[in-house]
Each structure stands twice: as C-alpha cells, then as structure tokens.
Amino acid sequence: MLDIIAAVTLTTLAFLIPAVLIAATPLPAAARGRLAVGLLAWFMLLIALGATGLFDPMNGGGTRAVGAAVVLPVIVGLIAARYSAAVRAFIAGVPLAWLAAIHLGRLFAIFFLMLYAVGRLPPTFALVAGWGDILIAVAAPLVAWTLYRRAAGARGLALTWNTLGFADLVLAVTLGVGSAVDSPVRFIYEAASSGTMSSLPWLIVPGFMVPLYLMTHLAIYHRLSRRRETLGNMRLSGAV
C-alpha cells in the first residue's frame, strides 16, 4: 500500500511542479510546449528504464546507475542553459517566489520516515534526508512570501534557505550512495540499505525530483547573483 500511495504522490508532483513553473513563465506558448515535452520525455524515459530493471543491482545497475540518473540531468540542464535562449528565458522569467514555493513538494520526504519505520531504509539516510527535506519544505512558503512581498531581508533569507536546501540534497545523495549495499564507496553499514531507492516508484525521487530541485536551487542562485536584479526593482510579472 505504501508503494502505491508513493507512486500516485510522486507522479503527481513530477507533473505538477514542472507545470507550475512552465505556467508561471512569460514565454510564448510554443516555447512552453517544447519545455513541457522535454520534461515529460525525461520523466517517461526514467520510468521506462526503471521498469526494465536497468537500475536493479542484480542487473548491474544499482548505485552507479542511480548516481548517473541524478547527475546527468543536471549536466544536461546546465548545458541547455548555456546554449539555449529559450531555457535562459525560462530561468529568467519564472518568478523567484515560485522557484522557492515549489519546494513545498519536498514534503514527500515523509515517505523516507515511513520506509525507515518498516525497515526498508537505513536510519542515517532516512532520518537525515527525511527531516532535512521536510524542514526545507516547511520553510519554502515563508521564503516565497518574503520574495513576493519584497520584504526587508528577503534576499538574505532566500540565499540562506537556498544554500541549506542545496546542501540537504547533496547530503541526501551522499548518504544514499554511502549506505547502499552495492556502493563502491559505502561508508554506512546499517541493517537496511538505501537500495530501495533504485526501484519504482522510489526511483522517481533520485531520478527526477532531486535533479529538478537541484536545478531550481542553481536557478535561484543565478537570479539572486545578478547585480541588476535586486528586490527593490523586481516586478511580480517579471523578475520576482
């Protein structure tokens, strides 16, 4: 039952979060459509590869394959941001408040605590990654509201929260790699293994949600570092 609930929840988030971001950008409909198709193709490819057992340690996948699923989309996203005007316009056009608000979806980390409770995830990974994501998710609406209202200290708050959120994801990936039975760099030896995350529906987290959220953190850093984009001159319809 837990797997079924997670499948519905994670799939909904995987469609909802990109839809919110795409709808929030002022790009022309055709450009938004292409971005939507690209993100959908990424998600469907992940599901197809997961269904074939590519990420199963028994098939030679496991930690290495899951690690590639985390890193490769981020690399592709960075390359696209460098060479695609549409992607750059997308990053510049999404309101900062929305880039922060979508991290409320990281409440899916409650599932980590549930998996730990039934002995399917190791405590170090589940508790650290789980509570870390939950705290970032709970703070996301506050950060988004301060950005929306252009409140005093909003930029500093956003930078602090963004740094903590980015670090939380990096730490979660590190602990996941370090606690998997088949990991070549395993350093956490606990009864359960993080290998659960290499099977569907849990694969959606490292293969789609984590890279997507990492890219939004990088986009927030980029936006806040632009000298001309200060909270004092942001407009809700454009830069905010």
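Along each chain, numbering runs from 1 in the same order as the chain's sequence is written. Given that this is a predicted model, residues contribute local features only at a pLDDT of at least 70 and side-chain atom pairs are listed and counted only at 80 or more, while totals for whole chains, interfaces and linings are drawn from all residues. Where side-chain values are given, they derive from all heavy atoms of the structure, hydrogens and water being excluded.

1. A short note on the overall build of the protein chain
Next, step 1: Per the secondary structure count, the protein chain includes nine helices and zero strands.
Next, step 2: Helices (α) and strands (β) of the protein chain occur, in sequence order from the N terminus, as α-α-α-α-α-α-α-α-α.
Next, step 3: Our radius of gyration looks at C-alpha atoms and nothing else; its globule reference is 2.2 Å times the residue count to the power 0.38. Taking 240 residues into account, the globule formula puts the C-alpha radius of gyration at 18 Å, and the protein chain, at 18 Å, falls close to it.
Next, step 4: Partitioning the intrachain contacts of the protein chain with sequence separation of at least 6 by distance along the chain shows that 75% fall at a separation of at least 24.
Next, step 5: Only the protein chains shown count as cover for residues, with accessible areas throughout obtained via the Shrake-Rupley method and a probe of 1.4 Å. If you sum the accessible surface of the protein chain, you get close to 11,500 Å²; carbon and sulfur atoms cover 72% of it.
Next, step 6: Charge counting treats Lys and Arg as positive and Asp and Glu as negative, with His and both chain ends excluded. For this purpose, a charge sits on NZ of Lys, CZ of Arg, CG of Asp or CD of Glu. Here the protein chain contributes 16 positive and 7 negative side-chain charges, whose respective centroids are spaced 21 Å apart. Helix numbering and strand numbering both begin at the N terminus, where a helix is a DSSP run of H or I of at least 4 residues and a strand a DSSP run of E of at least 2. In this analysis, two residues are considered to be in contact whenever any of their non-hydrogen atoms come within 4.5 Å of each other.

2. Some points on helix α8 (residues 154-178)
Every α-helical turn comprises 3.6 residues, leaving residues that sit three or four positions apart pointing alike.
Next, step 1: For α8, spanning 25 residues, the distance from its first C-alpha to its last is 36 Å, which sits close to the expected 36 Å at 1.5 Å a residue.
Next, step 2: When α8 is considered as a whole, its buried residues turn out to be Ala154, Ala158, Trp161, Asn162, Gly165, Asp168, Leu169, Ala172, Leu175, Gly176 and Gly178. A helix is expected to reach a length of 1.5 Å times the quantity of its residues less one. Residue exposure (1.4 Å probe, protein chains only): buried if accessible area is under 20% of the type maximum, exposed if over 50%, otherwise partly exposed.

3. With respect to the packing of helix α1 (residues 2-24) against helix α2 (residues 29-51)
Next, step 1: Inter-axis angles, ranging from 0 to 180 degrees, are taken between N-to-C directions of lines fitted to C-alpha atoms, where helices are fitted over the stretch in contact. As a packed pair, α1 and α2 sit with axes 10 Å apart at the nearest point and diverge in direction by 160°. With respect to α2, the axis of α1 lies roughly antiparallel. Crossing hand, α1 versus α2: right-handed. The segment α1 lies against α2, with Thr11, Ala14, Phe15, Pro18, Ile22 and Ala23 engaging Arg32, Leu35, Ala36, Leu39, Leu40 and Phe43. An angle below 35 degrees is read as roughly parallel, one above 145 as roughly antiparallel, one from 65 to 115 as roughly perpendicular, and any other as oblique. Here a crossing is called left-handed whenever its near helix is offset anticlockwise from the far helix by less than a right angle, and right-handed whenever the offset is clockwise.

4. Let's talk about a nonpolar patch on the surface
Next, step 1: On the surface, Val71, Leu72, Ile75, Ile79 and Tyr83 cluster together into a nonpolar patch covering about 520 Å² of accessible area.
Next, step 2: Counting through the fold element by element, leucine 72 comes out in helix α3 (residues 62-83). Note on patches: the residues involved have over 30% relative accessible area and no salt bridge, like charges join within 9 Å, and the nonpolar side chains Val, Leu, Ile, Met, Phe, Trp and Tyr join within 5 Å. A pair is scored as a salt bridge if a Lys or Arg side-chain nitrogen falls within 4 Å of a carboxyl oxygen belonging to Asp or Glu.

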